[in-house]
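Residues per chain, in single letters:
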Number of protein chains: 2
Amino acid sequence: MSTPERLIESTRELLWERGYVGTSPRAIQQRAGAGQGSMYHHFKGKPELALAAIRRSAEERQALAEERFSGPGTAVQRVADYLRRERDVLRGCPIGRLTQDPDVVADQTLRQPVADTFEHLTGRLTAVLTEGQALGQLDPELDPADTAATVVAVLQGGYVLARAADSVEPFRRATEGAIALLAARELRPRR
Amino acid sequence: MSTPERLIESTRELLWERGYVGTSPRAIQQRAGAGQGSMYHHFKGKPELALAAIRRSAEERQALAEERFSGPGTAVQRVADYLRRERDVLRGCPIGRLTQDPDVVADQTLRQPVADTFEHLTGRLTAVLTEGQALGQLDPELDPADTAATVVAVLQGGYVLARAADSVEPFRRATEGAIALLAARELRPRR
DNA sequence: GTCTATACTACGATAGAC
DNA sequence: GTCTATCGTAGTATAGAC
């Protein structure tokens with residue numbers, strides 16, 4: 001891997017683990033096996049490097065979600081698949097994490113990819129739910145956009161609860177609870 | 001207010017705004033209007049001060065939640081009241097925020113009050129839902145513990161979405177979506 | 001109790017040699 | 001492109017005077 005590439009990847013890992021304030025240029029260089037001068041040759045500084053890292057993580061996250069949304073099954077099944085996807089729950093969400101970083105949230109440029117990711121996620125979920133209603137799988141009374149936001153929030157909140165408890169159990173409960181609530185709104189296929 | 005008191009309050013504010021890594025003894029002293037020597041006279045250092053601050057915020061949070069849970073109304077109404085409580089959404093949750101701080105999560109002593117808060121919250125919500133079932137207000141098929149975790153997660157995730165979007169709108173959608181899902185499980189009173 | 005002085009490390013970056 | 005030197009500021013604390 002090239003040096004800029006290694007720097008970006010190291011930054012991604014560190015942002016995930018320690019956030020923006022907790023990530024120093026020094027730490028990035030060490031993890032990337034690059035020197036001081038090397039880093040500042042390829043990037044203007046910490047903010048520029050962080051932006052590259054955040055953008056990449058955001059794209060990755062959106063692609064990962066897409067895999068599940070475009071899978072087989074009814075609307076509820078696809079949402080359930082998304083919520084049950086294998087996740088490294090205790091590590092938390094590399095994107096959601098950044099919302100707790102005042103320096104990221106305060107900087108329009110750094111916040112944008114984070115905002116985009118959640119908008120994209122919510123939008124795709126809304127589409128899945130709307131489609132489910134159109135196919136007669138799902139109660140038409142359900143508000144797709146609100147419900148989509150609920151699903152994404154359960155996921156993000158599940159990470160929070162899991163890290164607080166140092167256990168995946170609350171995450172599992174939260175997601176299964178949401179799936180059950182959603183499943184209750186499924187319609188029987190009329191034949 | 002006494003000096004130790006002012007130091008704790010300043011630490012609470014800073015932990016909320018900037019997290020553990022982002023909060024320096026210097027900043028605490030300045031906000032509290034206390035000198036270097038003064039702070040180290042009353043507290044051994046940053047971790048001890050943080051512990052006092054986190055404990056206080058955790059207690060405050062639990063008390064605030066209790067107000068809603070012990071209010072009037074059906075189970076669903078009380079949960080809805082809790083979710084709709086006035087909140088400074090864009091500031092985020094002072095407790096949930098700490099789960100993104102690796103130094104807090106890694107330290108058993110600092111993490112404990114955070115874990116306690118969410119356990120207490122989930123436990124009380126579980127009780128409210130169980131009571132609702134016992135009173136015939138709520139579908140007995142609903143799993144109270146899972147659903148309680150879902151509700152707390154929606155709240156925490158709602159903060160994340162709101163901060164990402166720099167808008168309270170996703171928070172509102174997520175909570176209203178959850179309330180609607182829950183309301184659909186209410187039973188009509190038989191008379 | 002509070003203040004000032006002092007200490008050492010890390011942060012975040014620039015300069016200039018190679 | 002990468003390295004080393006250097007820089008000024010902040011982090012986190014201790015020591016000792018008042």
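What comes next concerns the included structure. Predicted, not measured: the structure shown is a model, and the values here were computed from it.

### A look at the interface of chain B and chain A
Here's step 1: Each partner contributes to the interface: chain B provides 45 residues, whereas chain A provides 45 residues.
Here's step 2: Between chain B and chain A lies a buried interface of about 3,700 Å² when both sides are counted; carbon and sulfur atoms form 64% of it.
Here's step 3: For the chain B face of the interface with chain A, the top three residues by lost area are B:Gln100, B:Arg163 and B:Leu181, together amounting to 19%.
Here's step 4: Taken together, chain B and chain A are joined by four salt bridges.
Here's step 5: Between B:Asp103 and A:Arg18 there is a salt bridge, and its shortest N-O distance comes to 3.6 Å.
Here's step 6: In this structure, the connection of chain B to chain A is made through twelve residue pairs in polar contact (both at pLDDT 80 or more).
Here's step 7: Split by residue class, the side of chain B that touches chain A holds 23 nonpolar, ten polar and twelve charged.

### A few points about the relation of the copies chain B and chain A
Here's step 1: You can overlay chain B on chain A at an RMSD of 0.0 Å; the transform is a turn of 180° with a shift of 0.0 Å along its axis. A rotation of that kind, with that shift, is consistent with a two-fold axis. For chain B, the smallest separation between a C-alpha atom and the rotation axis is recorded for B:Gly157, amounting to 2.0 Å.
Here's step 2: Mapped onto chain A, 100% of the interface residues of chain B are again interface residues, and the two copies thus contact each other with one and the same surface.

### Things to note about the protein's contact with DNA strand C
Here's step 1: Lining the immediate surroundings of DNA strand C are 15 residues, of which A:Pro25, A:Gln36, B:Gly37, B:Ser38 and B:His42 lie closest.
Here's step 2: A breakdown of the atoms of DNA strand C within 4 Å of the protein gives sugar and phosphate a share of 58%.
Here's step 3: Within the contact set of DNA strand C, a phosphate oxygen lies 3.3 Å away from a side-chain nitrogen or oxygen of A:Ser24.
Here's step 4: Note that a base nitrogen of DNA strand C is positioned 2.5 Å from one of the side-chain N or O atoms of A:Gln36.
Here's step 5: For the surface near DNA strand C, the secondary-structure elements that each account for two or more residues are helix 2 (25–32) and helix 3 (36–42) of chain A together with helix 3 (36–42) of chain B.
Here's step 6: Broken down by element, the surface near DNA strand C gets its largest block of residues, five residues, from helix 3 of chain B.
Here's step 7: Of the residues in the surface near DNA strand C, the class split is two nonpolar, eleven polar and two charged.

### Some remarks on the protein's contact with DNA strand D
Here's step 1: Near DNA strand D, the surroundings consist of 14 residues, among which A:Gly37, A:Ser38, A:His42, B:Pro25 and B:Gln36 are the closest.
Here's step 2: Sugar and phosphate atoms form 58% of the subset of DNA strand D atoms that lie within 4 Å of the protein.
Here's step 3: One nitrogen or oxygen atom from the side chain of A:His42 is found 2.8 Å from a phosphate oxygen belonging to DNA strand D.
Here's step 4: For DNA strand D, a phosphate oxygen lies 3.2 Å from a polar atom in the backbone of B:Lys46.
Here's step 5: When residues of the surface near DNA strand D are assigned to their parent elements, the largest contribution, five residues, is made by helix 3 of chain A.
Here's step 6: Here the residues of the surface near DNA strand D are counted per class, giving two nonpolar, ten polar and two charged.

### What about the environment of A:Ser24?
Here's step 1: With respect to the secondary-structure elements, A:Ser24 resides in the loop between helix 1 (3–18) and helix 2.
Here's step 2: Linking A:Ser24 and A:Pro189, residues 165 residues apart in sequence, is a C-alpha distance of 56 Å.

### Section: the packing of aromatic side chains
Here's step 1: Going through the model one piece at a time under the given rule, you end up with four aromatic pairs over all chains.
Here's step 2: Considering the side-chain rings of A:Tyr159 and A:Phe171, the 5.4 Å spacing of their centres and the 45° angle between planes classify their relative orientation as tilted. With A:Tyr159 in helix 8 (residues 144–165) and A:Phe171 in helix 9 (residues 169–183), the pair connects residues that are twelve residues apart, well separated along the chain.
Here's step 3: By relative accessible area, which is 2% here, A:Tyr159 ends up buried.
Here's step 4: For A:Phe171, a relative accessible area of 6% translates into the label buried.
Here's step 5: On the basis of an interplanar angle of 50° and a centroid distance of 4.8 Å, the ring pair of B:Phe69 and B:Tyr82 is categorised as tilted. Taken together, the residues span a long stretch of sequence, with B:Phe69 in helix 4 (residues 46–69) and B:Tyr82 in helix 5 (residues 75–84) at a distance of 13 residues.

Here is what the cut-offs are and how they apply
- Residues numbered from 1 in each chain as written.
- Chains lettered and ligands numbered in written order.
- Predicted model: local features only at pLDDT ≥ 70, side-chain atom pairs only at ≥ 80, totals over all residues.
- Heavy atoms only, no water.
- Contact = heavy atoms within 4.5 Å.
- Buried area = accessible area lost by both parts, 1.4 Å probe.
- Salt bridge = Lys/Arg side-chain N within 4 Å of Asp/Glu carboxyl O.
- Polar contact = N/O pair within 3.5 Å; in protein donor to acceptor, adjacent residues only side chain to side chain.
- Nonpolar A, V, L, I, M, F, W, Y, C, P; charged D, E, K, R; others polar.
- Least-squares fit on C-alpha atoms with pLDDT ≥ 70 in both.
- Near = heavy atom within 4 Å.
- Helix = DSSP H or I, 4+ residues; strand = E, 2+ residues; numbered from the N terminus.
- Phe/Tyr/Trp six-rings, centres within 6.5 Å; stacked < 30°, edge-to-face > 60°.
- Buried < 20%, exposed > 50% of the residue type's maximum accessible area, 1.4 Å probe, protein only.

Structural measurements only, silent on function.
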